[in-house]
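So the chains spell out like this:
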Amino acid sequence: MNRSHDHDMAVSLTQHDRSRRAFVATLRSHVLQRMAGDLRQHFEGTVGPEHEKLGAPLESPEAIHEALKPELPFKAYSSVRTSAQEMVFDVVSDAVDRELETLNERAAQPAKKGSLTLNPALPLPKSVTGIDVHLSPGAYHEERADNDVSAGAVYDNSIDVFAFGQFGKRHNDIGATLSNYLRLKFPEFVPTSILDCGCTIGHNTLPWAETYPDAEVTAIDVAAPVLRYAHARAESMGVPVDFRQMNATAMDFEDEQFDVVFSSMFMHELPLKHIQQYLKEAFRVLKPGGVLWQMELPPMNAMPLYENFYMNWDTYYNNEPYYGTFRKQDYRRLLTDAGFAADDFIEATMPRYTFIGEAAFAESIHSDNTFDTLTGRMDPKGTRWYGFGAWKR
Amino acid sequence: MSTRRIPRKRRGQRHQFFDADGVDEVLSCVLRLTSEVSALSERLYLTERVLEAQGLNVANEVERYALSEAEESALSAERQRLIETVLAQLGASAQGAESIEDDAGGPS
Ligand SMILES: C[S@@+](CC[C@H](N)C(=O)[O-])C[C@H]1O[C@@H](n2cnc3c(N)ncnc32)[C@H](O)[C@@H]1O
């Protein structure tokens, strides 16, 4: 029978599983390309010009949202996108349910390369337990058995359907892109200790160990089920990573321990207060001369008006309540409030490393930043990642 | 802890996008149904190709085939699963679906 992935935490997929996954992936791609295209056209061709004629042009993402709400292309896009999102988790849960006991046993094998340190006493933040984030039932933390990995398995499998290949073969493109960006842009900077915050299943953690084979790589998350899965997955791929259950807003690490602190698609799931606490902690655990990087959604002030409306959809309808507030922040200011110097702020848009390869990527790191319809967004036509951070003096 | 099934419904209310009640849910049902139909026709396609490779004319054989009782109850269970999947957003419960199985005869 077919396996979902090329590592030992994979599940077997029946023909029926594969057909349904393929269908939902196609449906998502249809919504994000065709239906999103119709919606944009309806705005640019009809709703936008109508408001201009009335002398009341739509000048904010909120105004566009209000004007589009009663329109059929918006209702259809939103309703189908919601269903498609629900179906992602639905179609992958069957295979995970069937094999959960085996997966949980497999994950309990003794470690060979890295480590897993859980802290059952750690209180989980409400921002994680209080909502089923991006409509995933039980999100990252729910325990359904002893030594449970189900949330991690669902996550790994859901990316296959959700991202229809856009995150790279091992879902590792963001981590591969950022680590190779650093390696190529700052060749004299050779980190020996690297920290990933909010690592989930470690898919974007592992490429760091490949890019910097001599570095010690540590990854933290608050949720045990995804960490157990991350650890077992990394072990099976033979990549040494120390996974630790920890809250990024109050880390157990000593001061000045890491050369790199990074996160990927993490901050936008935090309430603003936690973002501020996390950045202060990141500053504290960074060594002088070290660097902080966040791979994130691009800030509102850099993106075209319509894109800002379009991106905000998730915060209204996809159980991403903190996403809108995060994007409104001045990212440089977030970092200076945490202790970094304004002059040390860096930001970059990057093409995807595992898609375009070393040579084209090496060339791209010298080009200017591009903020357009592909920046920081999942689109069947491709994606350009966005990241920001700062050096610590 | 005994192993629990992964929940298929998330917590919290679904958003209503269409003005009339139920339209979003019906659309969700249709999409789920379409995914099942798509999976089914892919399976049928594969089956026919496999059989063809064995030299079998499927169409004739299908018409003549008689189902055993065990097969009928397996098909019935599959029908029940299909209904639960299609109606998932309306919260059709397992109990509701059981009575459908009780009432249903075999496939005609
Ligand atoms: C969207 S996922 C990150 C995905 C992953 N880093 C990637 O590159 O795709 C957010 C993760 O952050 C974790 N998380 C949320 N709040 C946290 C906190 N305060 N400290 C540590 N982890 C947290 C969640 O459990 C979840 O696994």
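Keep in mind that this is a model prediction, so the values were computed, not measured. (Residues numbered from 1 in each chain as written. Chains lettered and ligands numbered in written order. Predicted model: local features only at pLDDT ≥ 70, side-chain atom pairs only at ≥ 80, totals over all residues. Heavy atoms only, no water.)

1. What to know about the overall build of chain B
Looking only at helices and strands, chain B features 4 helices and 0 strands. The helix and strand sequence of chain B, counted from the amino end, reads α-α-α-α. Long-range pairs, those at least 24 residues apart, make up 60% of the contacts in chain B with a sequence separation of at least 6. Of the roughly 7,600 Å² of accessible surface on chain B, a fraction of 56% belongs to carbon and sulfur atoms. (Helix = DSSP H or I, 4+ residues; strand = E, 2+ residues; numbered from the N terminus. Contact = heavy atoms within 4.5 Å. Areas by Shrake-Rupley, 256 points an atom, 1.4 Å probe, with all protein chains shown as cover.)

2. Regarding the pattern of salt bridges
Residue and element names in this part refer to chain A. A complete count under the given rule lists 32 salt bridges over all chains for this structure. The partner of E99 in a salt bridge is R3, and the shortest N-O contact between them spans 4.0 Å. With E99 in helix α3 (residues 72–107) and R3 in strand β1 (residues 2–3), this residue pair connects regions lying 96 residues apart in the sequence. Taking relative accessible area as the criterion, E99 reaches 14% and is therefore assigned buried. A salt bridge links R170 to D6, with the nearest nitrogen and oxygen atoms 3.3 Å apart. One end of the pair, R170, is in the loop between α5 (150–162) and α6 (173–185); the other, D6, is in the loop between β1 and β2 (12–13), with 164 residues separating them in the sequence. You can call R170 partly exposed: its relative accessible area is 32%. (Salt bridge = Lys/Arg side-chain N within 4 Å of Asp/Glu carboxyl O. Buried < 20%, exposed > 50% of the residue type's maximum accessible area, 1.4 Å probe, protein only.)

3. A look at the environment of A:C197
Residue and element names in this part refer to chain A. With respect to the secondary-structure elements, C197 resides in strand β4 (residues 193–197). Judged by relative accessible area, C197 falls into the buried class, the value being 0%. Each C-alpha atom of the pair C197 and S264 lies 7.7 Å from the other, and the pair is 67 residues apart in sequence. Beyond its immediate stretch of four places on either side in the chain, C197 contacts I220, A248, M251, V261, F262, S263, S264, F266 and Y278.

4. What to know about the side chain of A:H268
All names here are of chain A. Relative to the helices and strands, H268 resides in the loop between β7 (258–264) and α9 (272–285). There is a polar contact of 2.9 Å between the side chain of H268 and the side chain of E296. Setting aside its immediate chain neighbours within four residues, H268 contacts E296, L297, E320, Y322, Y323 and F326. (Polar contact = N/O pair within 3.5 Å; in protein donor to acceptor, adjacent residues only side chain to side chain.)

5. Points about the interface of chain B and chain A
Listed as interface residues are 32 residues of chain B and, on the opposing side, 41 residues of chain A. Counting across the chain B and chain A interface gives 9 salt bridges. In this structure, the connection of chain B to chain A is made through 19 residue pairs in polar contact (both at pLDDT 80 or more). Among the elements of the structure, α1 (23–53) and α3 (69–86) of chain B are those that each provide at least two residues to the side of chain B that touches chain A. Examining the composition of the side of chain B that touches chain A, we find that 13 residues originate from one element, α1(B), more than from any other. Partitioning the side of chain B that touches chain A into residue classes produces 9 nonpolar, 9 polar and 14 charged. (Nonpolar A, V, L, I, M, F, W, Y, C, P; charged D, E, K, R; others polar.)

6. Notes on the site of the ligand
Residue and element names in this part refer to chain A. Around the ligand lies a shell of 18 residues, among which T200, N204, D221, N247 and S264 are the nearest. Between the ligand and T200 there is a distance of 2.8 Å, counted from an oxygen atom to a side-chain nitrogen or oxygen. Residue H203 places a side-chain N or O atom 2.8 Å away from an oxygen atom belonging to the ligand. Protein chains bury 97% of the 600 Å² of accessible surface belonging to the ligand in isolation. Class assignment of the residues belonging to the shell around the ligand gives a composition of 10 nonpolar, 6 polar and 2 charged. (Near = heavy atom within 4 Å.)

7. Section: the sheet that holds strand β3 (residues 115–117) of chain A
All names here are of chain A. Spatially, the 8 strands line up as an open sheet ordered β3-β6-β5-β4-β7-β8-β10-β9, and their pairing is mixed. Edge positions in the sheet fall to β3 and β9 (345–350), since each has one partner strand and no second. If you compare each strand with its neighbour and ignore which way they point, the axes differ by 20° on average. As paired strands, β4 and strand β5 (residues 216–221) are joined by 5 bridges and run parallel to one another. Bridged to D196 within β5 is A219. (Pairing = 2+ DSSP bridges. Axes fitted to C-alpha atoms, helices over the stretch in contact; angles between N-to-C directions.)

8. Overview of the environment of A:P73
Residues and elements named next belong to chain A. Within the secondary structure, P73 is located in helix α3. Each C-alpha atom of the pair P73 and L39 lies 5.3 Å from the other, and the pair is 34 residues apart in sequence. Residues contacting P73, with those up to four places away along its chain left out, are L39 and H42.

9. Some remarks on the confidence of the model for chain B
All names here are of chain B. When the pLDDT values of chain B are averaged, the result is 78; 81% of them are 70 or greater. Per-residue pLDDT, averaged within each element of chain B, yields its smallest value for helix α4 (residues 94–103) (38) and its largest for α1 (91). Across residues 91–108 the pLDDT falls below 50, and counting only partners more than four positions away or on other chains, this stretch makes 16 contacts in the model. (pLDDT = per-residue confidence, 0-100.)

10. Quick look at empty space enclosed by the protein
Residues and elements named next belong to chain A. The tally for this structure, following the rule as stated, stands at 3 cavities of 30 Å³ or more. Forming the boundary of the second largest cavity are 13 residues, of which S136, P137, A139, A151 and V154 lie nearest the centre. Only α3 and α5 provide two or more residues apiece to the lining of the second largest cavity. When its residues are assigned to classes, the lining of the second largest cavity shows 8 nonpolar, 4 polar and 1 charged. (1 Å grid on protein atoms, 1.4 Å probe; cavity = no way out; pocket = protein on both sides within 12 Å on 5 of 7 lines; lining within 4 Å. Points joined across faces, edges and corners; volume = space filled by probe spheres on them.)

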